[in-house]
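Below, each chain spelled out in residue letters.
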Amino acid sequence: MVIARPLDEVFAFVSDARNRPSWDDSVGSEELTSPEPIGLGSTVRTRMQSMGRDLEIDWEIVEHDPPIHQRIESTSGPFSTTLVYDLGGTPDGTTVRFSVTGHPSGLLRLMQPLIARSTQRNLDKGFARLKEVLEHRV
């Protein structure tokens, strides 16, 4: 996906999890649980809904390379999850690549295909909204 905004601006927005509720409908709130500035080792608490369940997940930023890369790993929640943002500058703005990798265990492992489809639908909607939010900012 290409967002018609400068690389630094897009990275600053997506790397601050507190902005996520403005573009991801599944997220009710994101709270920074460590001191600013946001960077390597910062922690965040997410309150969200997934597949009809209310969840609270804690995260830690484990890689932070502004303005091109951030990796976040869950430290709590129903199963371990990794989020990765990779950004690049283009003449038209900023490319954004995002991946989420989850490792469900036990009975949740049987639901992995359903979890993957639900997550992909949410990502597709969320990133369309992210593009809209950033491109229409003043």
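As a reminder, the structure under discussion sits directly above these lines.
Summary of the structure given here. (Residues numbered from 1 in each chain as written. Predicted model: local features only at pLDDT ≥ 70, side-chain atom pairs only at ≥ 80, totals over all residues. Heavy atoms only, no water.)

### With respect to the overall build of the chain
Stage number 1. Per the secondary structure count, the chain includes three helices and seven strands.
Stage number 2. For the chain, the N- to C-terminal ordering of α and β elements is β-α-β-β-β-β-β-β-α-α.
Stage number 3. When the 138 residues of the chain are sorted by exposure, 38% land in the buried category.
Stage number 4. Restricting the contact set of the chain to residue pairs at least 6 apart, pairs at least 24 apart contribute 37%.
Stage number 5. Per element, the accessible surface of the chain, about 7,700 Å² overall, is 52% carbon and sulfur. (Helix = DSSP H or I, 4+ residues; strand = E, 2+ residues; numbered from the N terminus. Buried < 20%, exposed > 50% of the residue type's maximum accessible area, 1.4 Å probe, protein only. Contact = heavy atoms within 4.5 Å. Areas by Shrake-Rupley, 256 points an atom, 1.4 Å probe, with all protein chains shown as cover.)

### Some details on the pairing of strand β7 (residues 93-103)
Stage number 1. As paired elements, strand β1 (residues 2-3) and β7 share two bridges and run antiparallel to each other. When the sheet's bridge partners are listed, I3 is paired in β7 with T94.
Stage number 2. Hairpin connection, strand β6 (residues 80-90) to β7: the antiparallel pair is bridged by two residues. (Pairing = 2+ DSSP bridges.)

### Considering the pattern of salt bridges
Stage number 1. Counted by the stated rule, this structure contains 13 salt bridges.
Stage number 2. A salt bridge links E30 to R20, with the nearest nitrogen and oxygen atoms 3.3 Å apart. One end of the pair, E30, is in strand β2 (residues 27-32); the other, R20, is in the loop between α1 (7-15) and β2, with 10 residues separating them in the sequence.
Stage number 3. By relative accessible area, R20 is classed as buried at 14%.
Stage number 4. Residue E73 pairs with R71 through a salt bridge whose shortest N-O separation is 2.3 Å.
Stage number 5. Judged by relative accessible area, which is 23%, R71 ranks as partly exposed.
Stage number 6. Among the charged side chains, a salt-bridge network with shared partners connects E31, R45, R47, E56 and D58. (Salt bridge = Lys/Arg side-chain N within 4 Å of Asp/Glu carboxyl O.)

### Some points on the nonpolar core
Stage number 1. The biggest cluster of nonpolar side chains holds 23 residues, and the ones touching the most others in it are V10, F13, V14, Y85, L87, F127 and L130.
Stage number 2. For this core, the secondary-structure elements that each account for two or more residues are α1, β4 (53-65), β6 and α3 (112-135).
Stage number 3. Setting aside residues up to four positions removed in sequence, F127 forms contacts with M1, W23, Y85, V96 and F98. (Core = buried A, V, L, I, M, F, W, Y, C linked by side-chain atoms within 4.5 Å.)

### Structural notes on the packing of aromatic side chains
Stage number 1. If you walk through the whole model with that rule in mind, you get three aromatic pairs.
Stage number 2. Judged by centre distance (5.1 Å) and plane angle (45°), the ring pair of W23 and F127 falls under tilted. Of this pair, W23 sits in the loop between α1 and β2 while F127 sits in helix α3, placing them 104 residues apart in sequence.
Stage number 3. Here F127 falls in the buried class, since its relative accessible area comes to 11%.
Stage number 4. Centre to centre, the rings of F98 and F127 are 5.1 Å apart; their planes meet at 45°, and the pair counts as tilted. You can see F98 sitting in strand β7 and its partner F127 sitting in helix α3, a full 29 residues away along the chain.
Stage number 5. Grouping aromatic residues by their ring pairs yields a cluster made of W23, Y85, F98 and F127. (Phe/Tyr/Trp six-rings, centres within 6.5 Å; stacked < 30°, edge-to-face > 60°.)

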